[in-house]
Amino acid sequence: MEIQRKIKFEGELSRDFLDEIKEMSHCDEIDRCIQCGTCSSSCPMAIYMDYPPRKIIAFVKNGFREEALKSFTIWLCSSCYTCQVRCPAKIKITDVMYALKRKAIQEKVYPGQFTIPVLAREMYRMIAKNGRSSELWLILNLYLKSWNPLGLMKMAPTGISLLKTGRMSFKKEKIKNTSQLQKILKAVKEDGQ
Amino acid sequence: MKDYAYYPGCSLKGNAKHYEESILPVFKELGFALEELEDWNCCGATAYFAVDDRMAAAICGRNLALAEKEGKDILAPCAGCYLTLRKSNQYLANGSEEAQKILAVLKDVDCEYHGQVKVKHPLEVLIQDVGLKTIQAKVQNPLVGLKVACYYGCQLVRPFTEFDDPDYPVTLDQVMAAIGATPVEYSAKTKCCGGSLTGTIEEVGTQLNYVLLKEAKRKEADVIVTICPLCQFNLEIIQNKVAHKFKEKFDIPVLYFSQLMGLAFGLNKYELGFKRSIIPLSPLWEKIQRGG
């Protein structure tokens, strides 16, 4: 076993991290966290997380950039908002998780086994192209682009019953004024750069 | 009170067709002539906010502007759309430099938005605009003896919590009682079903839904009633996987509240989307016929 230092030196912490996340999440209250743990005990996903939400907030507050961005936690957040409505310090924890996801995608540091960024990206592309999402195509793309044909096979019986009951179709949904939507997306994208 | 523009979102045109097939006639019966918002686009759901919140607010801004042009508020039956549209509405009204820029972009493409649109969920409208008495008065066939587990999930009651409690909401239970059904004490009513995680991390999704199903069974519910397409989808589809993984068979029907309302209002049973249920409904029909 390699002996490694487990504690970070202060100089290794990211000083700007808190401010970046505050701005991205539109949540100024992050450093008011009292580490009470209400978020962690409310979280239905906490049992699967590598760090519970309380620790993630502490990471953000104290500049542990890699620990927060590379965590599984941010990808396991299901946006149920339970922690957010219960937080006594009024920290918008779900929005902080969203900000961390965006940051992790930007910096390309998310853990590889998660297909969630793939889902987000595929959905984004589909909407940019057609204005609406077509569930069947979204699912197909998700499994193909995340190299998971086995998962797709397992989904087949479900897919068949959905097709049978008319709840899924190969039709691609599309809006009429796609050019207007694309102009909006293009302009907002350019504004952000 | 303004009229509502019906915003179906992608799910009600896809796997949740039976939600659309039941919500429209029920609201018509209650005096709302719902017309679909002309050329609406996808709200982006939770995925879009994860990629770029400015884009998310901008594409929702287009929908809000379309409704404003029609002089209407938005009625969004999907809890995901409801939350995303409301969140974007708030974002665009927060006065920040980013919001101003997005509003300017919208204006440039003839989608000017002045923040005049409210976003509502049908349950909210039933409670705030319609009232339980009016609902009760419409009932032709009370669903006597039918035990329902009212499942609210997350995004309807959180983080925007104006019309019901975020932890222990009651309005759906009240509506179900108004149509003669018996709501059971469903303590898992706001516990998360996992949302899109059931598709991306199977293990997690199966476990979460197992808890929800088990609690409904423990309370001897005949049916789980939902207000959200993704919750409905997860709870129904997962029953196969759960049976396999936990060696426990449930076969609990998962229906939309509007389907049961339509049934109680005496609307044509064959036009309320019941045929789209994957879980067999025959025990349910027997129970309703017997009167519990």
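Just so we're clear, the structure is a prediction, and the values are computed from it rather than from any experiment.

Thresholds applied
- Residues numbered from 1 in each chain as written.
- Chains lettered and ligands numbered in written order.
- Predicted model: local features only at pLDDT ≥ 70, side-chain atom pairs only at ≥ 80, totals over all residues.
- Heavy atoms only, no water.
- Domains from an automatic or database assignment.
- Salt bridge = Lys/Arg side-chain N within 4 Å of Asp/Glu carboxyl O.
- Helix = DSSP H or I, 4+ residues; strand = E, 2+ residues; numbered from the N terminus.
- Buried < 20%, exposed > 50% of the residue type's maximum accessible area, 1.4 Å probe, protein only.
- Pairing = 2+ DSSP bridges.
- Contact = heavy atoms within 4.5 Å.
- Axes fitted to C-alpha atoms, helices over the stretch in contact; angles between N-to-C directions.

## With respect to the domain arrangement of chain A
Taken domain by domain, chain A comprises domain 1 (10–106) and domain 2 (116–192). The centre of domain 1 of chain A, based on its C-alpha atoms, is set 29 Å off from the matching centre of domain 2 of chain A.

## Regarding the pattern of salt bridges
Tallied over the full model, the rule gives 33 salt bridges over all chains. Note that Glu122 of chain A is salt-bridged to Arg125 of chain A, the shortest N-O span being 3.3 Å. With Glu122 of chain A and Arg125 of chain A both in helix H8 (residues 116–130) and three residues apart, the pair spans about one turn of that helix. Here Lys217 of chain B makes a salt bridge to Glu248 of chain B, at a shortest N to O gap of 3.5 Å. Residue Lys217 of chain B is found in helix H11 (residues 202–218), and its partner Glu248 of chain B is found in the loop between helix H12 (229–246) and strand E8 (254–256); the two are separated by 31 residues along the sequence. Given a relative accessible area of 38%, Lys217 of chain B falls into the partly exposed group. Given a relative accessible area of 14%, Glu248 of chain B falls into the buried group. A network of salt bridges, in which partner residues are shared, links Glu20, Arg65, Lys103 and Glu107 of chain A.

## Let's talk about the sheet that holds strand E6 (residues 182–183) of chain B
All names here are of chain B. The strand order across the open sheet formed by four strands is E6-E5-E7-E8, and the pairing between neighbours is parallel. Edge positions in the sheet fall to E6 and E8, since each of these pairs with one other strand and no more. This element, helix H9 (residues 171–178), spans strand E5 (147–151), E6 and strand E7 (223–226) of the sheet and lies at about 155° to E5.

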